[in-house]
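# Reading the structure
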Amino acid sequence: GEQVEQLPSILRVQEGSSASINCTYENSASNYFPWYKQEPGENPKLIIDIRSNMERKQTQGLIVLLDKKAKRFSLHITDTQPGDSAMYFCAARGSALGRLHFGAGTQLIVIP
Amino acid sequence: EAAVTQSPRNKVAVTGGKVTLSCNQTNNHNNMYWYRQDTGHGLRLIHYSYGAGSTEKGDIPDGYKASRPSQENFSLILELATPSQTSVYFCASGDVLSQNTLYFGAGTRLSVL
(Lines give C-alpha, C1' and ligand atoms only; values in the text may rest on other atoms or scores of the structure.)
Protein backbone atom coordinates (compact mmCIF):
# COMPACT_ATOMS: atom_id res chain seq x y z
CA GLY A 1 0.00 0.00 0.00
CA GLU A 2 0.88 3.68 -0.03
CA GLN A 3 3.05 5.15 2.72
CA VAL A 4 2.74 8.83 3.50
CA GLU A 5 5.33 10.52 5.67
CA GLN A 6 4.43 13.84 7.27
CA LEU A 7 6.69 16.32 9.00
CA PRO A 8 6.97 17.98 11.38
CA SER A 9 4.84 16.28 14.00
CA ILE A 10 4.61 19.51 16.04
CA LEU A 11 4.94 23.03 14.67
CA ARG A 12 4.92 26.18 16.77
CA VAL A 13 4.71 29.54 15.02
CA GLN A 14 4.06 33.12 16.01
CA GLU A 15 0.75 34.63 15.05
CA GLY A 16 1.04 36.37 11.69
CA SER A 17 3.90 34.24 10.44
CA SER A 18 3.60 31.41 7.93
CA ALA A 19 3.55 27.67 8.62
CA SER A 20 4.65 24.88 6.33
CA ILE A 21 3.91 21.16 6.52
CA ASN A 22 5.58 18.65 4.25
CA CYS A 23 4.52 15.20 3.08
CA THR A 24 6.10 12.57 0.88
CA TYR A 25 4.54 9.55 -0.75
CA GLU A 26 5.82 6.36 -2.36
CA ASN A 27 3.40 5.43 -5.12
CA SER A 28 4.09 7.38 -8.29
CA ALA A 29 0.55 6.52 -9.46
CA SER A 30 -1.00 8.55 -6.63
CA ASN A 31 -3.18 11.23 -8.17
CA TYR A 32 -5.08 13.03 -5.45
CA PHE A 33 -3.69 14.81 -2.38
CA PRO A 34 -6.11 16.30 0.14
CA TRP A 35 -5.40 18.09 3.39
CA TYR A 36 -7.66 17.73 6.42
CA LYS A 37 -7.85 19.94 9.50
CA GLN A 38 -8.98 18.53 12.83
CA GLU A 39 -9.80 20.92 15.65
CA PRO A 40 -9.67 19.62 19.24
CA GLY A 41 -12.51 17.21 19.93
CA GLU A 42 -13.79 17.48 16.38
CA ASN A 43 -13.69 15.33 13.28
CA PRO A 44 -11.29 15.92 10.38
CA LYS A 45 -12.56 18.23 7.66
CA LEU A 46 -11.22 18.83 4.17
CA ILE A 47 -9.60 22.25 3.76
CA ILE A 48 -7.86 22.02 0.41
CA ASP A 49 -6.79 19.42 -2.12
CA ILE A 50 -4.69 19.14 -5.25
CA ARG A 51 -4.74 16.68 -8.11
CA SER A 52 -1.79 15.35 -10.01
CA ASN A 53 -2.44 17.55 -13.05
CA MET A 54 -1.62 20.65 -10.98
CA GLU A 55 1.53 21.95 -9.29
CA ARG A 56 0.01 24.69 -7.16
CA LYS A 57 -3.35 25.57 -5.69
CA GLN A 58 -4.34 28.46 -3.46
CA THR A 59 -7.46 29.28 -1.50
CA GLN A 60 -8.15 31.60 1.45
CA GLY A 61 -4.66 31.84 2.90
CA LEU A 62 -3.77 28.23 2.07
CA ILE A 63 -1.29 27.17 -0.59
CA VAL A 64 -0.64 23.60 -1.66
CA LEU A 65 2.35 22.65 -3.77
CA LEU A 66 2.88 19.33 -5.52
CA ASP A 67 6.22 18.07 -6.84
CA LYS A 68 5.47 14.78 -8.61
CA LYS A 69 9.08 14.18 -9.53
CA ALA A 70 10.14 14.26 -5.87
CA LYS A 71 6.84 12.67 -4.76
CA ARG A 72 6.40 15.49 -2.29
CA PHE A 73 3.57 17.87 -1.49
CA SER A 74 3.22 20.62 1.07
CA LEU A 75 0.74 22.90 2.78
CA HIS A 76 1.59 26.52 3.48
CA ILE A 77 -0.56 28.63 5.75
CA THR A 78 0.10 32.35 5.36
CA ASP A 79 -0.57 34.91 8.10
CA THR A 80 -1.42 32.32 10.74
CA GLN A 81 -4.10 33.08 13.32
CA PRO A 82 -4.97 31.39 16.64
CA GLY A 83 -7.89 29.72 14.84
CA ASP A 84 -5.39 27.88 12.67
CA SER A 85 -4.20 25.93 15.72
CA ALA A 86 -5.25 22.35 15.03
CA MET A 87 -4.08 18.95 13.83
CA TYR A 88 -3.42 18.78 10.10
CA PHE A 89 -3.34 15.59 8.06
CA CYS A 90 -2.06 15.12 4.56
CA ALA A 91 -3.23 12.18 2.49
CA ALA A 92 -2.60 10.53 -0.83
CA ARG A 93 -4.82 8.38 -2.99
CA GLY A 94 -3.28 5.64 -5.08
CA SER A 95 -5.05 3.56 -7.64
CA ALA A 96 -8.02 2.50 -5.48
CA LEU A 97 -10.80 5.03 -5.87
CA GLY A 98 -11.46 6.94 -2.67
CA ARG A 99 -9.03 4.96 -0.55
CA LEU A 100 -6.84 7.54 1.15
CA HIS A 101 -3.61 6.94 3.02
CA PHE A 102 -3.01 9.52 5.72
CA GLY A 103 0.15 10.95 7.19
CA ALA A 104 0.67 10.82 10.96
CA GLY A 105 -0.46 14.42 11.41
CA THR A 106 1.06 17.76 12.39
CA GLN A 107 -0.02 19.58 15.52
CA LEU A 108 0.11 23.28 14.63
CA ILE A 109 0.27 25.70 17.53
CA VAL A 110 -0.09 29.39 16.75
CA ILE A 111 1.30 31.51 19.56
CA PRO A 112 -0.50 34.85 20.05
CA GLU B 1 -23.12 19.19 4.16
CA ALA B 2 -22.83 15.43 4.26
CA ALA B 3 -24.11 13.88 7.47
CA VAL B 4 -22.34 10.94 9.04
CA THR B 5 -23.57 9.82 12.45
CA GLN B 6 -21.68 7.46 14.72
CA SER B 7 -22.91 5.67 17.81
CA PRO B 8 -22.02 5.34 20.56
CA ARG B 9 -19.86 8.42 21.07
CA ASN B 10 -18.11 6.84 24.02
CA LYS B 11 -17.77 3.21 25.00
CA VAL B 12 -16.02 1.34 27.78
CA ALA B 13 -15.63 -2.37 27.14
CA VAL B 14 -14.01 -5.27 28.95
CA THR B 15 -11.24 -7.38 27.50
CA GLY B 16 -12.73 -10.29 25.59
CA GLY B 17 -16.09 -8.65 25.16
CA LYS B 18 -17.84 -7.91 21.90
CA VAL B 19 -18.11 -4.32 20.71
CA THR B 20 -20.13 -2.99 17.80
CA LEU B 21 -19.63 0.52 16.50
CA SER B 22 -22.33 1.86 14.21
CA CYS B 23 -22.25 4.42 11.45
CA ASN B 24 -25.08 5.92 9.42
CA GLN B 25 -24.83 8.29 6.46
CA THR B 26 -27.72 10.03 4.77
CA ASN B 27 -26.01 11.22 1.61
CA ASN B 28 -26.24 8.15 -0.54
CA HIS B 29 -22.47 7.81 -0.83
CA ASN B 30 -21.32 4.47 -2.17
CA ASN B 31 -18.11 4.27 -0.17
CA MET B 32 -17.78 4.07 3.58
CA TYR B 33 -14.69 3.70 5.73
CA TRP B 34 -13.60 2.93 9.26
CA TYR B 35 -10.42 4.56 10.56
CA ARG B 36 -8.79 4.57 13.94
CA GLN B 37 -6.79 7.51 15.20
CA ASP B 38 -3.86 7.10 17.54
CA THR B 39 -1.18 9.60 18.49
CA GLY B 40 1.81 9.22 16.23
CA HIS B 41 -0.06 7.14 13.68
CA GLY B 42 -2.60 9.48 12.25
CA LEU B 43 -5.67 7.91 10.67
CA ARG B 44 -5.31 4.26 9.77
CA LEU B 45 -7.82 2.43 7.59
CA ILE B 46 -9.38 -0.67 9.13
CA HIS B 47 -12.14 -1.69 6.71
CA TYR B 48 -14.04 -0.04 3.90
CA SER B 49 -16.97 -0.74 1.65
CA TYR B 50 -17.97 0.11 -1.91
CA GLY B 51 -21.66 -0.49 -1.32
CA ALA B 52 -24.27 -2.59 0.40
CA GLY B 53 -23.08 -6.14 0.94
CA SER B 54 -19.41 -5.38 0.28
CA THR B 55 -16.58 -5.08 2.76
CA GLU B 56 -12.87 -4.80 2.08
CA LYS B 57 -9.85 -5.05 4.34
CA GLY B 58 -7.89 -1.90 4.91
CA ASP B 59 -4.38 -1.56 6.25
CA ILE B 60 -4.98 -2.84 9.80
CA PRO B 61 -7.96 -5.26 9.67
CA ASP B 62 -6.75 -7.82 12.22
CA GLY B 63 -9.13 -8.13 15.15
CA TYR B 64 -11.94 -6.29 13.36
CA LYS B 65 -14.87 -7.26 11.19
CA ALA B 66 -17.16 -5.00 9.21
CA SER B 67 -20.72 -5.20 7.98
CA ARG B 68 -22.53 -3.12 5.35
CA PRO B 69 -26.16 -4.24 5.39
CA SER B 70 -27.42 -1.20 3.49
CA GLN B 71 -26.22 1.88 1.63
CA GLU B 72 -26.68 3.95 4.78
CA ASN B 73 -25.17 1.73 7.47
CA PHE B 74 -21.67 0.44 8.09
CA SER B 75 -20.68 -1.29 11.33
CA LEU B 76 -17.33 -2.15 12.84
CA ILE B 77 -17.28 -5.24 15.05
CA LEU B 78 -14.70 -6.21 17.62
CA GLU B 79 -15.52 -9.84 18.46
CA LEU B 80 -12.95 -10.14 21.24
CA ALA B 81 -11.89 -6.68 22.33
CA THR B 82 -8.34 -6.15 23.56
CA PRO B 83 -6.73 -3.17 25.35
CA SER B 84 -4.68 -2.47 22.18
CA GLN B 85 -7.95 -1.55 20.48
CA THR B 86 -8.42 1.39 22.81
CA SER B 87 -8.59 4.30 20.38
CA VAL B 88 -10.77 6.87 18.69
CA TYR B 89 -12.66 5.43 15.75
CA PHE B 90 -13.91 7.51 12.84
CA CYS B 91 -16.38 6.49 10.20
CA ALA B 92 -16.36 8.34 6.89
CA SER B 93 -18.28 8.31 3.64
CA GLY B 94 -17.59 9.68 0.20
CA ASP B 95 -17.46 8.90 -3.48
CA VAL B 96 -17.28 10.58 -6.87
CA LEU B 97 -20.52 12.41 -6.09
CA SER B 98 -18.70 14.23 -3.29
CA GLN B 99 -15.66 14.91 -5.49
CA ASN B 100 -13.89 12.25 -3.46
CA THR B 101 -14.09 14.33 -0.31
CA LEU B 102 -14.37 12.20 2.80
CA TYR B 103 -16.98 13.26 5.32
CA PHE B 104 -16.18 12.05 8.81
CA GLY B 105 -18.46 11.30 11.68
CA ALA B 106 -17.86 12.78 15.12
CA GLY B 107 -15.86 9.78 16.29
CA THR B 108 -16.25 7.09 18.93
CA ARG B 109 -13.88 6.98 21.86
CA LEU B 110 -13.43 3.34 22.85
CA SER B 111 -11.66 2.21 26.01
CA VAL B 112 -11.02 -1.49 26.50
CA LEU B 113 -10.14 -2.33 30.10
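A brief structural summary. In every chain, residue numbers begin from 1 and rise along the written sequence. Chain labels run from A onward and ligand labels from 1 onward, assigned in the order the entries are written. The predicted nature of this model means local features are confined to residues of pLDDT at least 70 and side-chain atom pairs, given and counted, to a pLDDT of 80 or more, with totals for whole chains, interfaces and linings taken over all residues. Values reported for side chains reflect all heavy atoms of the structure, with hydrogen atoms and water molecules removed beforehand.

## Overview of the interface of chain B and chain A
The line we're drawing: Contacts are assigned to residue pairs that have any heavy atoms within 4.5 Å of one another. Note on definitions: buried area is the accessible-area loss of two parts on being combined, 1.4 Å probe, summed for both. Basic side-chain nitrogens of Lys or Arg form a salt bridge, by our definition, when they fall within 4 Å of a carboxyl oxygen of Asp or Glu. Whenever a nitrogen or oxygen atom comes within 3.5 Å of another N or O atom, the pair is scored as a polar contact, on the condition that within protein one atom can donate a hydrogen and the other can accept it, and that pairs from neighbouring residues in sequence are kept only if both atoms are in side chains. The way it works is that DSSP assigns letters per residue, a run of H or I at least four long becomes a helix, a run of E at least two long becomes a strand, and they are numbered from the N terminus.
Counting from both sides, the interface comprises 23 residues of chain B and, opposite them, 19 residues of chain A. Together, the buried faces of chain B and chain A total about 1,700 Å²; carbon and sulfur atoms form 50% of this surface. If you sort the residues of chain B by the area they bury against chain A, L43(B), N100(B) and F104(B) come out on top, with a joint share of 29%. At the surface where chain B touches chain A, the tally comes to zero salt bridges. At the surface where chain B touches chain A, the tally comes to six residue pairs in polar contact (both at pLDDT 80 or more). For the side of chain B that touches chain A, the secondary-structure elements that each account for two or more residues are β4 (31-38) and β5 (42-49) of chain B.

## Digging into the state of the cysteines
All names here are of chain B. Operational definition: By definition, disulfides here are pairs of cysteine sulfur atoms that lie within 2.5 Å. Buried means the residue's accessible area, taken with a 1.4 Å probe over protein chains only, is under 20% of the maximum for its type, while exposed means over 50%, and partly exposed covers the values in between.
In total, this model carries two disulfides over all chains according to the counting rule given. A sulfur-sulfur distance of 1.9 Å marks the disulfide that ties C23 to C91. In this structure the cystine formed by C23 and C91 twists about its S-S bond by roughly -80°; its chirality is therefore left-handed. Of this pair, C23 sits in strand β3 (residues 19-25) while C91 sits in strand β9 (residues 87-94), and the two are 68 residues apart along the sequence. On the accessibility criterion, C91 (0% relative accessible area) is buried.

## What about the packing of aromatic side chains?
Heads up, the condition is: By convention, a stacked pair of Phe, Tyr or Trp rings (six-membered ring in the case of Trp) has centres within 6.5 Å and planes under 30 degrees apart, an edge-to-face pair has planes over 60 apart, and any other such pair is tilted.
Under the defined criterion, the tally for this structure stands at 15 aromatic pairs over all chains. The structure contains a cluster of three or more aromatic residues connected by ring pairs, namely Y36(A), F89(A), F102(A), Y33(B), Y35(B), Y48(B), Y50(B), F90(B) and F104(B).

## As for the sheet that holds strand β7 (residues 62-67) of chain A
Residues and elements named next belong to chain A. Note the cut-off: Two strands qualify as a pair provided DSSP detects at least 2 bridges between them. Each axis is a line fitted through C-alpha atoms, and for a helix only the stretch in contact is used; angles between axes span 0 to 180 degrees, taken between their N-to-C directions.
Read across the sheet, five strands follow the order β1-β3-β8-β7-β6 without closing on themselves; strand pairing throughout is antiparallel. A strand with exactly one partner marks an edge of an open sheet, and here the two such strands are β1 (4-7) and β6 (56-59). Recorded for the sheet is a direction-independent mean angle of 15° between the axes of neighbouring strands. Where β7 and strand β8 (residues 72-77) come together, six bridges link them in antiparallel fashion.

## Quick look at the pattern of salt bridges
Residues and elements named next belong to chain B. Under the definition given, this model contains six salt bridges over all chains. In this structure, the salt-bridge partner of R44 is D38, at a minimum N-O distance of 3.0 Å. By relative accessible area, which is 15% here, D38 ends up buried.

## Re the layout of surface pockets
Stated formally: Cavities and pockets are found on a 1 Å grid laid over the protein atoms alone: a cavity is a set of points where a 1.4 Å probe fits but cannot escape, a pocket is an open set with protein on both sides within 12 Å along at least five of seven lines, and a lining residue has an atom within 4 Å of such a point. Grid points are joined across faces, edges and corners, and a volume is the space filled by probe spheres set on the points. Gly counts as polar in this scheme, as do all residues outside two lists: the nonpolar Ala, Val, Leu, Ile, Met, Phe, Trp, Tyr, Cys and Pro, and the charged Asp, Glu, Lys and Arg.
The space that makes up the largest pocket amounts to roughly 540 Å³. Residue lining of the largest pocket: 26 residues in total, with Q38(A), M87(A), Q37(B), V88(B) and R109(B) positioned closest to the centre. Elements supplying a minimum of two residues to the lining of the largest pocket: β9 (86-93) of chain A together with β4, β9 and β11 (108-112) of chain B. In the lining of the largest pocket, the residues fall into nine nonpolar, twelve polar and five charged. In this structure, the second largest pocket occupies an estimated 270 Å³ of space. Lining the second largest pocket are 17 residues, and of these Q3(A), V4(A), F102(A), H41(B) and R44(B) lie nearest its centre.

## Some words on the nonpolar core
Note the threshold: Buried Ala, Val, Leu, Ile, Met, Phe, Trp, Tyr and Cys residues form a nonpolar core when they are joined through side-chain atoms within 4.5 Å.
Residues F33(A), W35(A), F73(A), L75(A), I77(A), Y88(A) and L108(A) are the most contacted members of the largest nonpolar core, which totals 23 residues. Secondary-structure elements contributing two or more residues to this core are β2 (10-14), β3 (19-25), β4 (32-38), β5 (45-51), β7, β8, β9 and β11 (106-111) of chain A. What F33(A) contacts, discounting residues up to four positions off in sequence, is Y25(A), I48(A), D49(A), I50(A), L66(A), F73(A), A91(A) and A92(A). Formed by 18 residues, the second largest nonpolar core is a distinct cluster that contains A13(B), V19(B), I46(B) and V112(B).

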